[in-house]
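Inside the fold
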Amino acid sequence: MSQYESPSPDGHGCPRCGSPSPHPPAQVSLQVDAAGERLVVTVAGEIDLDSAPTLAQALSEALDDSPGGLELDLGGVDFCDCSGLNVLLRVRHQAHTRGKSVVLHATSPAVERLLSLTSTLPLFRTGPADPGQRSASPENPTTGNPTRGQGPATARDDATGHPQTPPNPSPRNIAGPGRALATENAQLHRAMETRTNIDIARGMLMASFKLTTNQSWQVLVTASQHTNTKLHLIADAVVGTSEGRTLPGPLAGHLAAAVQTHSASTG
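Residues numbered from 1 in each chain as written. Predicted model: local features only at pLDDT ≥ 70, side-chain atom pairs only at ≥ 80, totals over all residues. Heavy atoms only, no water.

**Regarding the overall build of the protein**
- From N to C terminus, the protein includes seven helices and five strands.
- The linear arrangement of helices and strands in the protein, starting from the amino end, is β-β-β-α-β-α-β-α-α-α-α-α.
- Each of the 267 residues in the protein was classed as buried or not, and the buried ones make up 40%.
- The contacts in the protein between residues at least 6 apart in sequence include a share of 65% that link residues at least 24 apart.
- If you sum the accessible surface of the protein, you get close to 14500 Å²; carbon and sulfur atoms cover 53% of it. (Helix = DSSP H or I, 4+ residues; strand = E, 2+ residues; numbered from the N terminus. Buried < 20%, exposed > 50% of the residue type's maximum accessible area, 1.4 Å probe, protein only. Contact = heavy atoms within 4.5 Å. Areas by Shrake-Rupley, 256 points an atom, 1.4 Å probe, with all protein chains shown as cover.)

Given below as structure tokens:
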């Protein structure tokens, strides 16, 4: 079991989302316990610009030590601003890239409100999906057969009623279903990764610039159009800033202009 406690710096408000820092200066305490291949991190106190680095360090170290990922108990968090949100998004992204997961075991009203407001709560409800679970086809999700029922339908000759002799399958046709399944799984996995980063990027924009759900989406769309870059690549670049990477100069300029344009509009 490990314990962390933040120092007591001078308190001040969050310069990005405008949330006033609690008084006296925020402090956060953490306790880490083992639960099989996962670690349970229990957080209590207040998370703001001052205490967020302590949380980030503790979660990063816990993620390194956990083969399966983290279970977060945030039921004791009394205050959380965008600094805490960005820490949670960052550690979730780090876990996702390692095949691990970060799941919320419990939340306080303060955390629940922040995650709901930024549409990021669903990201912490479940672990990373397994593309192999989609092996069944849409037509028959139970067996994966291409037709409904217990097995593939047999074609019959209209005149005799006897089964028709199917054409000899070529080697390419025999291997086709396996290739198709592998392709579908790869596409599904990529779609999940893309969707995840888009949602995280929108949450970061909402928390940092006080945008609505629709405004954050329009910012990404506008930047994508003006830079002639696919939207998911814009989202990847935004998420990368949570790990210390900087945005390319032209993209940063287009994002700033899009934020200024859409933050002035009604969501």
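Next, the rest of the story.
**Regarding the pairing of strand 2 (residues 28-35)**
- Where strand 2 meets strand 3 (residues 38-47), eight bridges bridge the pair, whose relative direction is antiparallel. Of the residues in strand 3, the one forming a bridge with glutamine 31 is threonine 42.
- Where strand 2 folds back on strand 3, the antiparallel hairpin that results is connected by two residues, among which glycine 36 adopts a positive phi of roughly 70 degrees. (Pairing = 2+ DSSP bridges.)

**Here's the deal with the confidence of the model for the protein**
- Looking at the protein as a whole, the pLDDT averages 74, with 64% of positions reaching at least 70.
- Segment residues 8-13: pLDDT under 50, and 15 contacts once partners within four positions in sequence are set aside and those in other chains are kept.
- Ignoring residues within four places in sequence, the model shows residues 128-160, a span with pLDDT below 50, making 38 contacts including any to other chains. (pLDDT = per-residue confidence, 0-100.)

**Some words on the environment of alanine 207**
- Inspection of the secondary structure puts alanine 207 in helix 4 (residues 171-209).
- Placed 126 residues apart in sequence, alanine 207 and aspartate 81 show a C-alpha to C-alpha distance of 8.2 Å.

**Some thoughts on the environment of proline 67**
- For proline 67, the location among the structural elements is in the loop between helix 1 (52-65) and strand 4 (69-80).
- Using a relative accessible area of 59% as the deciding quantity, one classes proline 67 as exposed.
- Sequence-wise, proline 67 and lysine 100 are 33 residues apart; in three dimensions their C-alpha atoms are separated by 7.4 Å.
- Proline 67 has contacts with Glu37 and Lys100, leaving out every residue within four places of it along the chain.

**Description of unusual backbone geometry**
- The backbone phi angle of serine 119 is positive, close to 60 degrees, even though this residue is not glycine.
- Summarising the element assignment, serine 119 is placed in the loop between helix 3 (109-117) and helix 4.
- On the accessibility criterion, serine 119 (36% relative accessible area) is partly exposed.
- Residues other than glycine seldom take positive phi values, yet lysine 210 does so here, at roughly 55 degrees.
- With respect to the helices, strands and loops of the structure, lysine 210 is situated in the loop between helix 4 and helix 5 (213-227).
- For lysine 210, a relative accessible area of 59% corresponds to the exposed category.

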